[in-house]
Amino acid sequence: MTLTQQLITIGMVVLGTMLTRFLPFLFFPAGKPTPKYIQYLGIVLPSAVFGLLIVYCLRNVSLLAGSRGVPELLAIVAVIGIHLWKRQMLLSIAGGTIFYMLLVQLVF
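Rules behind the numbers
- Residues numbered from 1 in each chain as written.
- Predicted model: local features only at pLDDT ≥ 70, side-chain atom pairs only at ≥ 80, totals over all residues.
- Heavy atoms only, no water.
- Helix = DSSP H or I, 4+ residues; strand = E, 2+ residues; numbered from the N terminus.
- Rg over C-alpha atoms; globule rule 2.2 N^0.38 Å.
- Buried < 20%, exposed > 50% of the residue type's maximum accessible area, 1.4 Å probe, protein only.
- Contact = heavy atoms within 4.5 Å.
- Areas by Shrake-Rupley, 256 points an atom, 1.4 Å probe, with all protein chains shown as cover.
- Axes fitted to C-alpha atoms, helices over the stretch in contact; angles between N-to-C directions.
- Parallel < 35°, antiparallel > 145°, perpendicular 65-115°, else oblique.
- Left-handed = near helix turned anticlockwise from the far one by under 90°.
- Expected span 1.5 Å × (residues − 1).
- Arc of directions from axis to C-beta.

Draft legend 1. Local environment of the overall build of the protein. Across its full length, the protein holds four helices and zero strands. Expected size for 108 residues packed as a compact globule is a radius of gyration near 13 Å; at 20 Å, the protein overshoots this value by more than 25%. Principal-axis analysis of the C-alpha atoms places the extent of the protein at approximately 50 × 45 × 25 Å. Relative to its full complement of 108 residues, the protein shows a buried share of 10%. For the protein, the share of sequence-separated contacts (at least 6 apart) that also reach a separation of at least 24 residues comes to 44%. On the protein, roughly 9,000 Å² of surface is accessible, and the fraction owed to carbon and sulfur atoms is 74%.

Draft legend 2. Representation of the packing of helix H3 (residues 70-86) against helix H4 (residues 89-107) in the model. Relative orientation of the contacting elements H3 and H4 amounts to 150°, with a least axis distance of 8 Å. Between H3 and H4, the angle is such that the two are roughly antiparallel. In the crossing of H3 with H4, the sense of the turn from one axis to the other is right-handed. Here Pro71, Glu72, Leu74, Ala75, Ala78, Val79, Ile82, His83 and Lys86 of H3 lie close against H4, whose contacting residues are Met89, Leu91, Ser92, Gly95, Gly96, Phe99, Tyr100, Leu103 and Val104.

Draft legend 3. Spatial organisation of H4. Given a rise of 1.5 Å per residue, 19 residues ought to cover 27 Å, and the 26 Å separating the end C-alpha atoms of H4 matches this to within 8%. Among the residues making up H4, those that are buried are Ser92, Gly95, Gly96 and Leu103. Down the axis, H4 shows its buried residues gathered within 100° of arc, on one side only. Opposite the buried face of H4, at more than 90 degrees from it, the exposed residues are Leu90, Ile98, Gln105 and Leu106. In this structure, the buried side of H4 is in contact with H3.

Here's what the structure looks like:
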């Protein structure tokens, strides 16, 4: 990329980041109550994102070839176990990912 293209790219990234950070405060000021649909989305979206992540991760698992999904199943159990133990979503995802990578690289 040319210098001009690099500067435009950096400017657009900064603008996009600033918009996503400041727009919620403009649309939902502190003095007004948060709309019910936004509260609803705050409740259901984390579970929906987790479900989407599960579908995305398991989309290419074949039960008829290779390790037949054993490392994936063990990683899912690890994620559930870590989450029940610590109740930290990011820790659960990171721990399950690390466990899965160790299984695939060292065991299967």
